[in-house]
Amino acid sequence: GENVEQHPSTLSVQEGDSAVIKCTYSDSASNYFPWYKQELGKRPQLIIDIRSNVGEKKDQRIAVTLNKTAKHFSLHITETQPEDSAVYFCAASNGGSSNTGKLIFGQGTTLQVKP
Amino acid sequence: GAVVSQHPSRVICKSGTSVKIECRSLDFQATTMFWYRQFPKQSLMLMATSNEGSKATYEQGVEKDKFLINHASLTLSTLTVTSAHPEDSSFYICSAPFRGRGYTFGSGTRLTVV
């Protein structure tokens, strides 16, 4: 089955710096790669996602890149702010455009942005 | 749109009792529901997949007799933790895919077994 590895487990940056979180996946059939931000005791919140037919996607300070050949994808946060501090999860699924495949999560990264 | 309502949000039960967690899709038909468990400071681990009208599919290592999953209708999936023990204390959360738009999550249930 699918396995998603996420690194680093913790990341500390200064406010204004960039943060990069990386994930690799094992199932070459995976075609949907979302990133979530989760606050303690709350549901994951989608911050950005990318599909396998796209190599990069950007939304203001957040971007995701996908390398299908290497089976890895990364989250890039620029101009980090203290409110970006949270736990971030990557995930992968192979459900196609209908998104019916099971979603497998990485181990999570605790991001701390120091003022 | 694509809201999943999960109840209860918190439950405390005595060891040996059973607890039922419900997830309802409010504005769409959820033919599939994924159930996850999350221990403190860990990731969401997929437990099982329920499909309306058929038996649930359990991930390796998940006891199907302990975690009973029922998907009785297109809008309701339930997870029953049977004979709960303290080690079952965790955060349980459901998720449903909705066509072409990703996955929507319930708000989660914090289960504490005393």
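These numbers were taken from a predicted model, which means no experiment stands behind them. (Residues numbered from 1 in each chain as written. Chains lettered and ligands numbered in written order. Predicted model: local features only at pLDDT ≥ 70, side-chain atom pairs only at ≥ 80, totals over all residues. Heavy atoms only, no water.)

(A) Here's a closer look at the pattern of salt bridges. Residues and elements named next belong to chain B. Applying the stated criterion across every chain yields a total of 5 salt bridges over all chains. Of the charged contacts in the structure, one is a salt bridge between Arg-24 and Glu-22, with a shortest N-O distance of 3.7 Å. Judged by relative accessible area, Arg-24 falls into the partly exposed class, the value being 37%. Given the relative accessible area of 26%, Glu-22 is considered partly exposed. (Salt bridge = Lys/Arg side-chain N within 4 Å of Asp/Glu carboxyl O. Buried < 20%, exposed > 50% of the residue type's maximum accessible area, 1.4 Å probe, protein only.)

(B) Just the state of the cysteines, in detail. The final tally for this structure, using the stated rule, is 2 disulfides over all chains. In this model Cys23(A) forms its disulfide with Cys90(A); the gap between the sulfur atoms is 1.9 Å. Handedness of the Cys23(A)-Cys90(A) disulfide follows from its S-S torsion of about -100°: it is left-handed. Here the residue Cys23(A) occupies a position in strand S3 (residues 19-25), and Cys90(A) occupies one in strand S9 (residues 86-92), the gap between them amounting to 67 residues. Look at Cys90(A) and you get buried, because its relative accessible area is 0%. Cys23(B) shares a disulfide with Cys94(B); S-S distance 1.9 Å. Taking the sign of the torsion about the S-S bond as the criterion, the disulfide between Cys23(B) and Cys94(B), at about -95°, is left-handed. With a gap of 71 residues between them, Cys23(B) in strand S3 (residues 19-25) and Cys94(B) in strand S9 (residues 90-98) connect regions that are remote in the sequence. There is no split in this pair, since Cys23(B) and Cys94(B) are both buried. (Disulfide = S-S within 2.5 Å. Helix = DSSP H or I, 4+ residues; strand = E, 2+ residues; numbered from the N terminus.)

(C) Broad picture of the environment of Ile104(A). Its location among the elements puts Ile104(A) in strand S10 (residues 104-105). For Ile104(A), a relative accessible area of 15% puts it in the buried group. Along the primary structure Ile104(A) and Gly1(A) are separated by 103 residues, whereas in three dimensions their C-alpha atoms are 9.5 Å apart. Setting aside its immediate chain neighbours within four residues, Ile104(A) contacts Glu2(A), Val4(A), Cys90(A), Ala91(A), Ala92(A) and Leu46(B). (Contact = heavy atoms within 4.5 Å.)

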